[in-house]
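Fold and geometry: a report
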Amino acid sequence: MFDGRKVRKLRQEQGYSLQQLADSSGVSPSMISQIERRNADPTLTTLYKLCKGLGVSISALLGEDEQSSQIVRKHERKIVHFPQSNSQYELLTPINEGEIEMIMIRLEPGQGDQQLVEHTGEECGFVLSGELTIVLNGTEHVLQEGDSIRFKSSTPHRLINRSDTTSLSVWAMTGKVL
C-alpha cells in the first residue's frame, strides 16, 4: 500500500500548500489531502502527476530514504501495490541513487494505467512473461514475452494488460517524472 505521508513530507519540505501542489500537478487539493492522510490510494496516473508537481522521481515517492547501498537484495525490494488498478511495482534499484531507475511491473489481466503520462527522460522495457500493450502517442504496440521497447518518456504513454494472464515486465528509466 502506498504511504501518502511521503507526499505530505515532500510537499512541506518544498514549502507548498495543498493548493500550490494541486496547481502544479493537476491533482485536486481534496484528493491530495486524502492521499496524504492515507484515506485514498493514488492511481498510477495520479502518482505520476504528483511526481511532476513535486519535481521528483517516482522512486522518491515510492521508496524510503534509508536505503543507501548499491545493492538491492530480492527480499529487501520495496513493493508498492496499487489497489485500484490491481498492479504491483517493485523497485529494483536503490532509492535516490544515480540517474537510472529500474522497476518490475506486474499487471493482472485487464489492468493498466488509466491515462497517458509523460515526463522527462527515456525508458525501456522488457516483457518477462505474458503480454503487454504499450500505448505511445495513441498508437498501440503489443509486446509478447521476450519482446522489448525503448522510447522517450516525453511521448505520452501508458501500459495495459489486455490478455487473460498476468504480465510481468522490467523497466529502466532515466530522468525525473516531470
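The coordinates are above.
Described in the following lines is the structure provided in the data block. (Residues numbered from 1 in each chain as written. Predicted model: local features only at pLDDT ≥ 70, side-chain atom pairs only at ≥ 80, totals over all residues. Heavy atoms only, no water.)

**Comments concerning the pattern of salt bridges**
Taken as a whole and judged by the stated rule, the model has eight salt bridges. Ionic pairing is found between Glu 36 and Arg 8, a salt bridge with its closest N-O pair at 3.5 Å. One end of the pair, Glu 36, is in helix H3 (residues 29–36); the other, Arg 8, is in helix H1 (residues 5–13), with 28 residues separating them in the sequence. Exposure remark for Arg 8: the relative accessible area of 28% places this residue in the partly exposed category. Across the pair Glu 122 and Arg 150 runs a salt bridge, and its minimum N-O distance is 3.3 Å. Remark: Arg 150 occurs in strand S7 (residues 148–152) and Glu 122 occurs in strand S4 (residues 122–129); sequence separation between them is 28 residues. Its relative accessible area of 29% is what places Glu 122 among the partly exposed residues. By relative accessible area, which is 63% here, Arg 150 ends up exposed. It is possible to trace a salt-bridge network through shared partners that takes in Asp 3, Arg 5 and Arg 38. (Salt bridge = Lys/Arg side-chain N within 4 Å of Asp/Glu carboxyl O. Helix = DSSP H or I, 4+ residues; strand = E, 2+ residues; numbered from the N terminus. Buried < 20%, exposed > 50% of the residue type's maximum accessible area, 1.4 Å probe, protein only.)

**Some details on the nonpolar core**
Core analysis: the biggest nonpolar cluster contains 36 residues, and Val 7, Leu 50, Leu 61, Ile 134 and Trp 171 have the highest contact counts within it. Ranked by the residues each element gives to this core, the list is headed by helix H4 (residues 44–54), at six residues. (Core = buried A, V, L, I, M, F, W, Y, C linked by side-chain atoms within 4.5 Å.)

**Some words on H4**
Across the 11 residues of H4, nine count as buried, placing the element largely inside the fold. Taken together, the buried positions of H4 are Leu 44, Thr 45, Thr 46, Leu 47, Tyr 48, Leu 50, Cys 51, Gly 53 and Leu 54. Positioned one or two residues after H4, Gly 55 has a phi angle of 70 degrees, which is positive.

**A look at H1**
Regarding H1, the residues found buried are Lys 6, Val 7, Leu 10 and Arg 11. The arc enclosing the buried residues of H1, seen along the axis, measures out at 130 degrees, which places them on a common side. Gly 15 sits one or two residues past H1 and shows a positive phi near 75 degrees. (Arc of directions from axis to C-beta.)

**Here's the deal with unusual backbone geometry**
Even without glycine at this site, Arg 38 takes up a positive phi of about 65 degrees. By the element assignment, Arg 38 lies in the loop between H3 and H4. Here Asn 137, not a glycine, exhibits a phi torsion of approximately 50 degrees, which is positive. On the secondary structure map, Asn 137 appears in the loop between strand S5 (131–136) and strand S6 (139–144). On the accessibility criterion, Asn 137 (57% relative accessible area) is exposed.

**Considerations on the sheet that holds strand S8 (residues 157–160)**
The strand order S6-S5-S8 describes an open sheet built from three strands, whose pairing is antiparallel. Pairing within the sheet leaves two strands with one partner each, and these edge strands are S6 and S8. Along the sheet, successive strands turn relative to each other by an average axial angle of 20 degrees, direction set aside. Bridge count for S5 against S8 is four bridges, and the pairing is antiparallel. If you follow Leu 136 over to S8, its bridge partner there is His 157. (Pairing = 2+ DSSP bridges. Axes fitted to C-alpha atoms, helices over the stretch in contact; angles between N-to-C directions.)

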